[in-house]
Amino acid sequence: MIKIEDIARPAERLTEVDAERLAPLPPPYDGADALPPRKRLTEKARANCDSSLDGFLAVGMARPQTEAEERQLVERFLAGLDRLLSPDDNWTFLQQLTLSLDHCARCQTCVEACPIYAASGREEVYRPTFRSEVFRRIVKKYTKRGGKLLAKLKGEDIEVNATTILRLLESSYRCTLCRRCAQACPMGVDNALLTREIRKLFSMELGIAPKELHEQGSALQLRVGSSTGLKPRVVKDTIEFLDEEMREQTGLNIHTPWDKPGADVLLIHNAGEINAWPENPMAFAIILEAAGISWTMSSDLAGYDSVNYGLWYDDAQFARVAVRQAQAAKKLGVKRIVLGECGHAHKASMVTADRLLSKEFDIPRESSMTFLRDIVLSGRLKLDPTRNNFPVTLHDPCNMVRMMGIVKPQRDILKAICPQFREMTPHGAENYCCGGGSGFAIMSSFNFEDWRFLVAGRTKLKQILEAFADCPEPETKKYLCAPCSNCKGQFRDLFHYYGVWKKSGILYGGLVELIVNAMSDLQTPYIKWEFH
Amino acid sequence: MPPLTLALIAAISVFLLGNLCRLVKAMLMPVHLRWDLYPIPKGPRDRQRYGGSYFEETEWWTKSKETGLGGEVAFMLKEVFFLRGVFENFRALWIWSLALHWGLYLYMAAAAVTVAVSAMGAHLFFGRTPLLNAALVACLTSCTLGAIGSLGLLATRTFNSRLKNFTSHTTIFNLSLLAAIFGTGLAALFDPNRGLLTALAEVAAGRHAAAAYSAAIDCHFALVAFFLVYFPFTHMTHMYMKYFTWHGVRWDDLPSRFDEGGPEDLAKNLARHVSWQAPHIEGGPKQSWANVASSTGQQEKTEHD
């Protein structure tokens, strides 16, 4: 068995993901031979990076080449530890961090709650407590008075060297921050928070983060306006084109308003929807127009992209994006911001940014789930549930449900418009993460996708298949409602990897598509039953 | 004052001071960003049951927020007296842990009653004997449960595959210490000359002679004194720090617009200096969080058009 202190010891691999040991999936997904071949790390990646945690790379930080470089890395890491414990540098999460560092009883009550640990066949390095304990021992040894001596006496000595640091970095990207373990902890300790703080140390002190989250994510968003790279002119053109296409397809007069001062609602989508699932923002436009809502979109910096990747790895980037979004709303003088179908954007804007925005920028922020529930149940739309007479199940995005308590509105809608709606087990605040949480859905560098599909998304896939166990045949088309852009990204890639559309006929999509599909005014069904 | 009384008073003083320091330190932490985790035991009972929140309400920002502690207290009582979390998630550990915790609770109750009765002396006109008998039963039960619980936990922590990799020297030491306290407590209770509680009453009243006690009683008091001094420096303070982990973090869902002290806390936090060193932070001795949050992290070069 791998010991905690092994994190610092040289070894080619601490662990391997063995397909035979993974939690079993139901037929026809059982058996290792049903899986696509694994992606091999390139020669360059193997030479430059340390994949000795588990053979996968998510970040792929370059290994130091000389002793001086290693010494510098260790010094910077330890300086980052000090800043993490400083009230000035880390006022944002210092209390949560110290509580979770100091009060774990190592009782392992939380471990079975982790879908990654369970899916992996209970690999030690994926225990939610493994990374936390490594980090806890390092903090105690290197930041407390007499820490080095006590670490030796207690048998908790972990040497901080390049191997430890590089493995800890990779390990912080083997957790989706879903916080199921925190729910199970009797002390209130939060392993996900510790994981996030490790990521933060690397980003804010060493400038190291997955490129999808930083360079191509929050930094790009702050530079051009969106993490998709879409600039305002392009996004407006794209939406205009989509409006036109919708008009042709539905016969409805759809026209997305931009920068309309004094509108009741500023709608902010995850801009990824515009590129990957344009039917989602278009469905929003159809519903808002049909319900007679005064609404607008904003073309200001970050005002048309609700994502805030800093939530997962960096407080400064988080604050910058949150401030920009609030400024966009303030400038237009809207009465409220409504967040589209994006879980982490909900949490970032409505919960985490709550104590970051001064009163003048504290524009009310509302979930599209409650907003849509009120529209649907008000009778303002003519809806015919028989148009949705196919099996539907609901995925609960962790950020929206476990971390915000928005559980019922989306169910009220589905119960009203989907006669064959069924729940997954467990669901609601106890749901399983899609496996793409905390940025994983957009991370595909090196061979990380293999890990994402083999391990991170496995428990969810099993759960989805079980929800449709009464109609497993691909001929019966089924709908997985996932009201979150990142979750949809994960389902798209996960379903593609396992061939779910072909083998089981399960399509994933958002909530608004189901609402529009039920609208009697439409001549043809809105949902196309085409996998993309 | 007799040395044993002095030693116990000193130990209790360190215990109180140490715990007070921890509490004050936690209370003086900067106001943090929210990190809610549902279910939160606030609001209508039905909503609590499925883990819903005020965010489900239409125009939630126009409605008053519940700040009552009833739901939280009810939840905590289940956690403290029944160990609900461990019961639901790790049954093999729960039975031993429950025994140990009840051993501690009953021990504290028995000691408190004994000391109180001793302190009241002649002023307690009735109920003295039943109270002392109840304390004796509680003490006997507590030492039995505590010894079984701590030994059971030692065995589980050592042999259970889910636990053994995480069982450190400290864990073994802590459980052995508790087992020794409860073990000597049992031995002291059955001391033929003077029972544990009688000795405790005498020590509390400062009426004992050091030589009068058996080795079991002396040893027990020494271990208890050590435990009291040691306790504030261990994770066992989770006993009361749960107030912060639960009430102060995961259940702390009050929106800032309803928090009168919010603007002042925010101003204080935004004025703090940022010294993180990654280039994109653009921190430095003169950079505040307000400056950092209002910059773009790329020397203000935006390509936004």
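In the block above lies the structure referred to throughout.
To keep things clear, this report deals only with the structure shown in the data block. (Residues numbered from 1 in each chain as written. Chains lettered and ligands numbered in written order. Predicted model: local features only at pLDDT ≥ 70, side-chain atom pairs only at ≥ 80, totals over all residues. Heavy atoms only, no water.)

The next subject is the environment of B:L132. Examined against the element boundaries, B:L132 turns out to sit in helix α6 (residues 128-159). Along the backbone, B:L132 and B:L197 are 65 residues apart, and their C-alpha atoms lie at a distance of 8.5 Å. (Helix = DSSP H or I, 4+ residues; strand = E, 2+ residues; numbered from the N terminus.)

So, about the interface of chain A and chain B. Counting residues at the interface gives 107 residues for chain A, matched by 81 residues for chain B. Between chain A and chain B the total buried area reaches about 8300 Å² when both faces are included, carbon and sulfur atoms providing 56% of it. For the pair chain A and chain B, the interface holds 5 salt bridges. In this structure, the salt-bridge partner of A:R355 is B:D252, at a minimum N-O distance of 2.9 Å. (Contact = heavy atoms within 4.5 Å. Buried area = accessible area lost by both parts, 1.4 Å probe. Salt bridge = Lys/Arg side-chain N within 4 Å of Asp/Glu carboxyl O.)

Residue and element names in this part refer to chain A. If you trace the 4 strands from one edge of the open sheet to the other, you get β6-β5-β7-β8, paired in parallel fashion. Strands at the two margins of the open sheet, each flanked by one partner only, are β6 (421-422) and β8 (506-509). Across 2 bridges, the pairing between strand β5 (residues 392-394) and β6 is parallel. Among the inter-strand pairings, T393 is bridged to a residue of β6, identified as R422. Most of the contacts of helix α19 (residues 408-417) go to β5, to which it runs at about 175 degrees, and overall it touches β5, β6 and β7 (478-481). (Pairing = 2+ DSSP bridges. Axes fitted to C-alpha atoms, helices over the stretch in contact; angles between N-to-C directions.)

This part is about the pairing of β8(A). All names here are of chain A. In β8, alternate side chains face the same way, and those of I506 and Y508 on one face and L507 and G509 on the other are all buried. Sheet topology places β7 next to β8; 4 bridges connect them, and they run parallel. Note that in β8 the partner of L480 across the bridge is Y508. (Buried < 20%, exposed > 50% of the residue type's maximum accessible area, 1.4 Å probe, protein only.)

This brings us to a negative patch on the surface. Residues and elements named next belong to chain A. Taken together, the side chains of D237, E240, E244, E245 and E248 define an acidic patch exposed on the protein surface. If you trace the backbone, E244 turns up in helix α11 (residues 232-250). The exposure class of E244 is partly exposed, given its relative accessible area of 42%. (Patch = residues over 30% accessible without salt bridge, like charges linked within 9 Å, V, L, I, M, F, W, Y side chains within 5 Å. Areas by Shrake-Rupley, 256 points an atom, 1.4 Å probe, with all protein chains shown as cover. Lys, Arg positive; Asp, Glu negative; His and termini not counted. Charge placed at Lys NZ, Arg CZ, Asp CG, Glu CD.)

This paragraph deals with unusual backbone geometry. All names here are of chain A. P28 follows P27 through a cis peptide bond whose omega is 5 degrees. By the secondary structure assignment, P28 is in the segment before α1 (43-48). Backbone torsion omega between T425 and P426 reads -10 degrees, so that peptide bond is classified as cis. Tracing the sequence through the fold places P426 in the loop between β6 and α20 (448-456). Even without a glycine there, the phi angle at S438 is positive, about 60 degrees. Counting through the fold element by element, S438 comes out in the loop between β6 and α20. Relative accessible area serves as the criterion here: at 2%, S438 is assigned to the buried category. One non-glycine residue, F446, lies in positive phi territory at about 50 degrees. Among the residues examined, F446 registers a relative accessible area of 29% and is labelled partly exposed.

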